[in-house]
Amino acid sequence: MNDTNTQVLVLGGTGKTGHRIVDRLLARGVPVRVGSRSAQPPFEWEDRSTWAPAMRGIHAMYISYYPDLAVPGATDVVRALAEHAVFAGVQRLVLLSGRGEVEAEAAERVIRNAGADWTILRASWFNQNFSESYLLDPVIAGEVAVPAGGVPEPFVDADDIADVAVAALTEDGHAGQLYELTGPRMLTFAEATAEIGKALDREIAFVDVSPNEYAAGLAAEGVPDDVTELLMYLFTTVLDGRNSSLGDGVQRALGREPRDFYDYAWDTARQGTWDRA
Ligand SMILES: NC(=O)c1ccc[n+]([C@@H]2O[C@H](COP(=O)([O-])OP(=O)(O)OC[C@H]3O[C@@H](n4cnc5c(N)ncnc54)[C@H](OP(=O)(O)O)[C@@H]3O)[C@@H](O)[C@H]2O)c1
């Protein structure tokens, strides 16, 4: 495949993994289309009339489902998307999946059987949850309180996911591969929080709350019920130790080690992301 003559659609192209993929593709001179509600043409998961215009002339597509492949109905939507994609002539599908999610594995099977080349990126919890998502405000406020129960998790960096995605979207040799993407070591949420505190040179407290306390806290903050439900599922079902092992996807796809949480914490601290206003 000629890298420079093929257009890539990045669904979720303004999100944590997507914007990194878009930046990398543009830097390589690969023509890119962002797939999101704010893009032109817009892509909206809930409005299928937006799908065909977004896929027109697309060779390869990165699929980051929102909010999560584990939510009810996600597999059916992904199946419909894959059918649209193959009909539109998309030849390569790269799916971002979640490690330890039974429902995500159903979506993986849909992509594997869609009739296009496929690569699955089955990722563990992102480092960037602490800096670009629901744990950003708690870190800035100085206290992370989640029902994590001391379970070790091999947090993976969104930059590594983006590097693997770009390789799968633009290079040969990744079709038919399922990459388990993790960081190089396991950390509990308490240990990860402590590493961030060290990088910031200020104490960030970690509180291991019960699931009920966590849900009540989210409700008090006005977090919508469906988001609360998803976070509860991730913390109580997925974070039960099933993912407490290292994957080798970054090494297999890129021939290098994944980024360590230490480097993520220190680089992010240096950038001022967690500075108090
Ligand atoms: N966070 C983790 O630890 C973790 C771990 C493993 C897997 N994952 C998976 O990662 C995926 C999320 O990827 P991400 O974290 O890179 O994205 P993200 O940061 O959550 O960003 C969401 C993206 O989706 C777009 N979007 C939101 N609602 C949309 C809608 N209704 N229609 C079309 N686009 C919409 C957003 O753009 P607009 O707002 O412009 O539309 C944005 O580009 C999920 O499937 C999750 O299961 C996450």
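Criteria and cut-off values
- Starting from 1, residues in each chain are numbered consecutively following that chain's sequence as written.
- Owing to the predicted nature of the model, reporting of local features is limited to residues with pLDDT of at least 70; listing and counting of side-chain atom pairs is limited to 80 or more, with chain, interface and lining totals taken over all residues.
- The side-chain quantities take in all heavy atoms of the structure and omit both hydrogens and water.
- Secondary structure follows DSSP: runs of H or I at least 4 residues long count as helices, runs of E at least 2 residues long count as strands, and numbering of each begins at the N terminus.
- Note that the radius of gyration is over C-alpha atoms, with the globule rule given as 2.2 Å times the number of residues to the power 0.38.
- Classification of residues uses two cut-offs on accessible area relative to the type maximum, computed with a 1.4 Å probe and protein chains only: under 20% is buried, over 50% is exposed, and between them is partly exposed.
- Contact criterion: two residues are considered in contact whenever any of their non-hydrogen atoms come within 4.5 Å of each other.
- Using the Shrake-Rupley algorithm and a 1.4 Å probe, accessible areas are obtained, with residue cover drawn only from the displayed protein chains.
- For the purpose of charge, His is not counted, nor are the chain termini; Lys and Arg are scored as positive and Asp and Glu as negative.
- By convention, the point assigned to a charge is CZ for Arg, NZ for Lys, CD for Glu and CG for Asp.
- Neighbouring residues are identified by heavy atoms, a residue being near a molecule or strand if any of them is within 4 Å of it.
- What qualifies as a polar contact is a pair of N or O atoms within 3.5 Å, subject to a donor-acceptor requirement within protein and to the restriction that residues adjacent in sequence count only when both atoms come from side chains.
- Asp, Glu, Lys and Arg are counted as charged, while Ala, Val, Leu, Ile, Met, Phe, Trp, Tyr, Cys and Pro are counted as nonpolar; the rest, among them Gly, fall into the polar class.
- Classification of ring pairs uses Phe, Tyr and Trp, with its six-membered ring standing for Trp, and accepts pairs whose centres are within 6.5 Å; under 30 degrees between planes counts as stacked, over 60 as edge-to-face, and the remaining range as tilted.
- Only buried residues count toward a nonpolar core, which is a set of Ala, Val, Leu, Ile, Met, Phe, Trp, Tyr and Cys residues joined through side-chain atoms within 4.5 Å.
- Residue-level confidence of the predictor, termed pLDDT, takes values from 0 up to 100.

Structural notes on the overall build of the protein
In step 1: Of regular secondary structure, the protein possesses 11 helices and eight strands.
In step 2: Scaling as 2.2 N^0.38, a compact globule of 277 residues should have a C-alpha radius of gyration of about 19 Å, and the protein matches this with 19 Å.
In step 3: The principal-axis extent of the C-alpha atoms belonging to the protein is close to 50 × 35 × 35 Å.
In step 4: Relative to its 277 residues, the protein shows a buried fraction of 52%.
In step 5: Look at the contacts in the protein between residues 6 or more apart in sequence, and 79% of them connect residues 24 or more apart.
In step 6: Accessible area for the protein stands at about 12100 Å²; split by element, carbon and sulfur atoms hold 49% of it.
In step 7: For the protein, the centre of its 23 positive side-chain charges and the centre of its 41 negative side-chain charges are spaced 5 Å apart.

Brief notes about the site of the ligand
In step 1: Around the ligand, 26 residues are found, and the nearest of them are Thr-14, Lys-16, Thr-17, Arg-37 and Tyr-65.
In step 2: At a separation of 3.3 Å, an oxygen atom of the ligand approaches a polar backbone atom of Gly-12.
In step 3: The separation between an oxygen atom of the ligand and a polar main-chain atom of Phe-126 is 2.9 Å.
In step 4: About the coverage of the ligand: the protein hides 86% of its 910 Å² of free accessible area.
In step 5: Looking at the shell around the ligand element by element, the count peaks at three residues for strand S4 (residues 92–98).
In step 6: When grouped by side-chain class, the residues that make up the shell around the ligand number 10 nonpolar, 12 polar and four charged.

Topic: the packing of aromatic side chains
In step 1: Under the definition given, this model contains 17 aromatic pairs.
In step 2: Ring centres of Phe-130 and Phe-155 lie 5.7 Å apart, and the angle between their planes is 65°; this geometry places the pair in the edge-to-face category. Taken together, the residues Phe-130 in the loop between strand S5 (117–123) and helix H5 (136–141) and Phe-155 in the loop between strand S6 (143–146) and helix H6 (158–170) connect sequence positions 25 residues apart.
In step 3: In this structure Phe-155 comes out as buried when scored by relative accessible area, which is 3%.
In step 4: Of the aromatic side chains, those joined through ring pairs into one cluster are Trp-125, Phe-130, Tyr-134, Phe-155, Phe-189, Tyr-214, Phe-235, Phe-261, Tyr-264 and Trp-274.

A look at the environment of Asn-212
In step 1: Structurally, Asn-212 is set in helix H8 (residues 211–220).
In step 2: The sequence separation of Asn-212 and Met-232 amounts to 20 residues, and the corresponding C-alpha distance is 9.2 Å.

Section: the nonpolar core
In step 1: In this structure, Phe-130, Phe-189 and Phe-261 are the most contacted members of the largest nonpolar core, which totals 34 residues.
In step 2: If you list the elements that add at least two residues to this core, you get S6, helix H7 (189–200), H8, helix H9 (225–238) and helix H11 (261–270).
In step 3: Broken down by element, the residue count for this core peaks at seven residues, all from H9.
In step 4: One finds Ala-80, Val-90, Val-110 and Ile-111 within the second-largest nonpolar core, a separate group that totals 29 residues.

As for the confidence of the model for the protein
In step 1: Per-residue pLDDT for the protein has a mean of 96; in total, 98% of the residues score no lower than 70.
In step 2: Low pLDDT, under 50, characterises residues 1–5; the predicted model gives this stretch 13 contacts beyond four residues in sequence or across chains.

With respect to the side chain of Thr-119
In step 1: As for its placement among the helices and strands, Thr-119 is situated in strand S5.
In step 2: Classification of Thr-119 as buried rests on a relative accessible area of 2%.
In step 3: Apart from residues lying up to four places away in sequence, Thr-119 is in contact with Leu-93, Val-94, Leu-95, Ala-168, His-174, Ala-175, Gln-177 and Tyr-179.

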